[in-house]
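As a plain string of letters, each chain reads:
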Amino acid sequence: MQRNLTQSKEALLKSYNSRLKEDIRSMRENFEEIIRLAKGENETQLSKITQCEQDTYETQVRAANIVRAGESLMKLVSDIKQYLILNDFHAVNDAICSNSALYRNTQIDRDTKLMAVRDDMAADLYDLEEEYYTSIYK
C-alpha cells in the first residue's frame, strides 16, 4: 500500500514537472515568434498591408497563447500548493504535537498558580475567621 502511494505521488510530481516544462516552452516559443514578427524579417509575396494584418493577427494569437500558458502555470502553482498541504502530514502532525505540548504545559502552569492562590485565600480566610472568633470586639 505504501509503495503504491509513493508511486502515485511520484507520478503526480512527474506530471507537474511535464506541465511546467510544456507551459514554459509554449511561452518561450510564442514570445520568440512575436519578436520575429515585430522585426518584420520575413520576405513574402504578400503586399505590405496584407502582411501587416496577418502579422497583427498572428501576434494576437501568440499573445493569447502566452496568457493561456501563464494561466496554466498559475493553476499548476495552485495544484502544487494543494498537493503540499494535503501530503505534508508529518509536518502538520509535528506542529500539532508541539502546540499541544505547549498548551498542556501552559495549562499545568496556570493550574499550579490557581491552586496556590486558592491555598493562600483559604489560609487567609482561616486566619481571618480565627481572628474574628478570638476577638474581644465581637
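Residues numbered from 1 in each chain as written. Predicted model: local features only at pLDDT ≥ 70, side-chain atom pairs only at ≥ 80, totals over all residues. Heavy atoms only, no water.

Participant: Quick one: what's the story with helix α2 (residues 48–87), residue by residue and with numbers?
Facilitator: Residues separated by three or four positions in an α-helix point in the same direction, a consequence of the helix having 3.6 residues per turn. Helix length check: α2, at 40 residues, gives a terminal C-alpha distance of 57 Å against a target of 58 Å (1.5 Å per residue), a fit within 8%. Buried within α2 are the following residues: Q51, D55, I66, A69, L73, L76, D79 and Y83. (Helix = DSSP H or I, 4+ residues; strand = E, 2+ residues; numbered from the N terminus. Expected span 1.5 Å × (residues − 1). Buried < 20%, exposed > 50% of the residue type's maximum accessible area, 1.4 Å probe, protein only.)

Participant: Go over a negative patch on the surface with me, naming the residues and quoting the values.
Facilitator: Judged by side-chain charge, D120, D124, D127, E129, E130 and E131 come together as a negatively charged surface patch. With respect to the secondary-structure elements, E129 resides in helix α3 (residues 89–134). (Patch = residues over 30% accessible without salt bridge, like charges linked within 9 Å, V, L, I, M, F, W, Y side chains within 5 Å. Areas by Shrake-Rupley, 256 points an atom, 1.4 Å probe, with all protein chains shown as cover. Salt bridge = Lys/Arg side-chain N within 4 Å of Asp/Glu carboxyl O. Lys, Arg positive; Asp, Glu negative; His and termini not counted. Charge placed at Lys NZ, Arg CZ, Asp CG, Glu CD.)

Participant: Could you give me a rundown of the side chain of E33, with the residues and numbers involved?
Facilitator: Mapping E33 onto the fold places it in helix α1 (residues 2–39). Look at E33 and you get buried, because its relative accessible area is 17%. Setting aside residues up to four positions removed in sequence, E33 forms contacts with E58 and R62. (Contact = heavy atoms within 4.5 Å.)

Participant: Account for the environment of L13, with residues named and values stated.
Facilitator: By the element assignment, L13 lies in helix α1. Between the C-alpha atom of L13 and that of I80, which follows or precedes it by 67 residues, the distance is 8.6 Å.

Participant: Report on the pattern of salt bridges, specifying residues and quantitative values.
Facilitator: Per the stated rule, a full pass over the model turns up eleven salt bridges. Residue D109 pairs with K113 through a salt bridge whose shortest N-O separation is 3.6 Å. Of this pair, D109 and K113 are both found in helix α3, four residues apart, which corresponds to roughly one turn of the helix. In this structure K113 comes out as partly exposed when scored by relative accessible area, which is 49%. Among the charged side chains, a salt-bridge network with shared partners connects R19, K75 and D79.

Participant: Break down the side chain of S26 for me, with residues and values.
Facilitator: By secondary structure assignment, the location of S26 is in helix α1. Engagement of the side chain of S26 in a polar contact is seen with the side chain of R68, the distance being 3.3 Å. For S26, the contacting residues outside a window of four places in its chain are N65, R68 and A69. (Polar contact = N/O pair within 3.5 Å; in protein donor to acceptor, adjacent residues only side chain to side chain.)

Participant: Tell me about the packing of aromatic side chains, and name the residues and values.
Facilitator: Enumeration over the complete set of coordinates arrives at two aromatic pairs. With centroids separated by 5.2 Å and ring planes inclined at 70°, the aromatic side chains of Y132 and Y133 adopt a geometry described as edge-to-face. The burial state of Y132 is the same as that of Y133; both residues are exposed. (Phe/Tyr/Trp six-rings, centres within 6.5 Å; stacked < 30°, edge-to-face > 60°.)

Shape is all these values report; function is a separate question.
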